[in-house]
Amino acid sequence: MYLTVQETAEYLSLSEEQIKKLILEKKIRALFDGNQYLVNKEQFNTHLEQMEKYKKVVEEYMREPIPEDIDVKDED
């Protein structure tokens, strides 16, 4: 499924200018049909899935309690 620059910006929660910049820098693959750029939506699926997994790992880490008895020596 192909998206326009505007639809891609909404999908990724970025501005259209940022999307155009990423396309011109070849960080996002796009086709130019003579009138507008078209972006394949599937290229973002892997990245978004990895980001969701990373968020879960971070949330689990943040939920771990801080140990109460830290073995720290006070050197005066």
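These figures come from a predicted structure and were not determined experimentally. Sequence order as written defines the numbering, with residues in each chain counted from 1. Whole-chain, interface and lining totals are the exception, using all residues; otherwise, since this is a predicted model, local features are given only for residues with pLDDT of at least 70 and side-chain atom pairs are given and counted only at 80 or more. To get the side-chain values, all heavy atoms of the structure are used, and hydrogens and water are removed first.

(A) Geometry of the overall build of the protein. The helix and strand labels rest on DSSP assignments: H or I over at least four residues marks a helix, E over at least two residues marks a strand, and numbering proceeds from the N terminus. The helix and strand tally for the protein stands at three helices and three strands. Looking at the 76 residues of the protein, the share that counts as buried comes to 13%. In this description, contact between two residues means that some pair of their heavy atoms is separated by no more than 4.5 Å. Long-range pairs, those at least 24 residues apart, make up 43% of the contacts in the protein between residues at least 6 apart in sequence. Methods summary: accessible areas were calculated by the Shrake-Rupley approach with a probe of 1.4 Å, and residue burial reflects only the protein chains presented. Summing over all exposed atoms, the protein offers an accessible surface of approximately 7,000 Å²; the carbon and sulfur share of this is 51%. Relative accessibility decides the category of a residue: with a 1.4 Å probe and only protein chains considered, values under 20% of the type maximum give buried, values over 50% give exposed, and everything between is partly exposed.

(B) Structural detail: the nonpolar core. Grouping buried Ala, Val, Leu, Ile, Met, Phe, Trp, Tyr and Cys residues that are joined through side-chain atoms within 4.5 Å yields what is termed a nonpolar core. Counting residues in hydrophobic clusters, the biggest one holds seven residues: Val5, Ala9, Ile19, Ile23, Ile28, Val39 and Phe44. If you list the elements that add at least two residues to this core, you get α1 (5-12) and α2 (16-24). Apart from the residues lying within four places of it in its own chain, the contact partners of Ile19 are Val5, Thr8, Ala9, Leu12, Leu14 and Ile28.

(C) Examining the sheet that holds strand β3 (residues 37-40) more closely. We treat two strands as partners when DSSP finds at least two bridges between them. Pairing is antiparallel across the open sheet formed by three strands, whose spatial order is β1-β3-β2. In the strand order of this sheet, the two ends are held by β1 (2-4) and β2 (30-32), each with one partner. If you compare each strand with its neighbour and ignore which way they point, the axes differ by 35° on average. The pairing of β1 with β3 spans three bridges and is classified as antiparallel. Looking across to β3, one finds that Leu3 is bridged to Val39. For helices, the axis comes from a line fit to the C-alpha atoms of the stretch in contact; other axes are also lines fit to C-alpha atoms, and the angle between any two N-to-C directions lies between 0 and 180 degrees.

(D) Highlighting α1. Within the span of α1, buried status applies to Val5, Thr8 and Ala9. Mapping the buried residues of α1 onto a view down its axis gives an arc of 100°, with all of them on the same face. Ser13 sits one or two positions beyond α1 and adopts a positive phi of about 55°. To obtain the arc, one takes the directions from the helix axis to the C-beta atoms.

(E) Quick look at a nonpolar patch on the surface. In this analysis, a patch consists of residues with relative accessible area above 30% that form no salt bridge, clustered at 9 Å for like charges and at 5 Å for the nonpolar side chains Val, Leu, Ile, Met, Phe, Trp and Tyr. Any carboxyl oxygen of Asp or Glu within 4 Å of a side-chain nitrogen of Lys or Arg constitutes a salt bridge here. Taken together, Met51, Tyr54, Val58, Tyr61 and Met62 make up a surface patch of nonpolar side chains, about 570 Å² in accessible area. Position of Val58 relative to the elements: it lies in helix α3 (residues 45-63). Residue classification places Val58 among the partly exposed residues on the basis of a relative accessible area of 32%.

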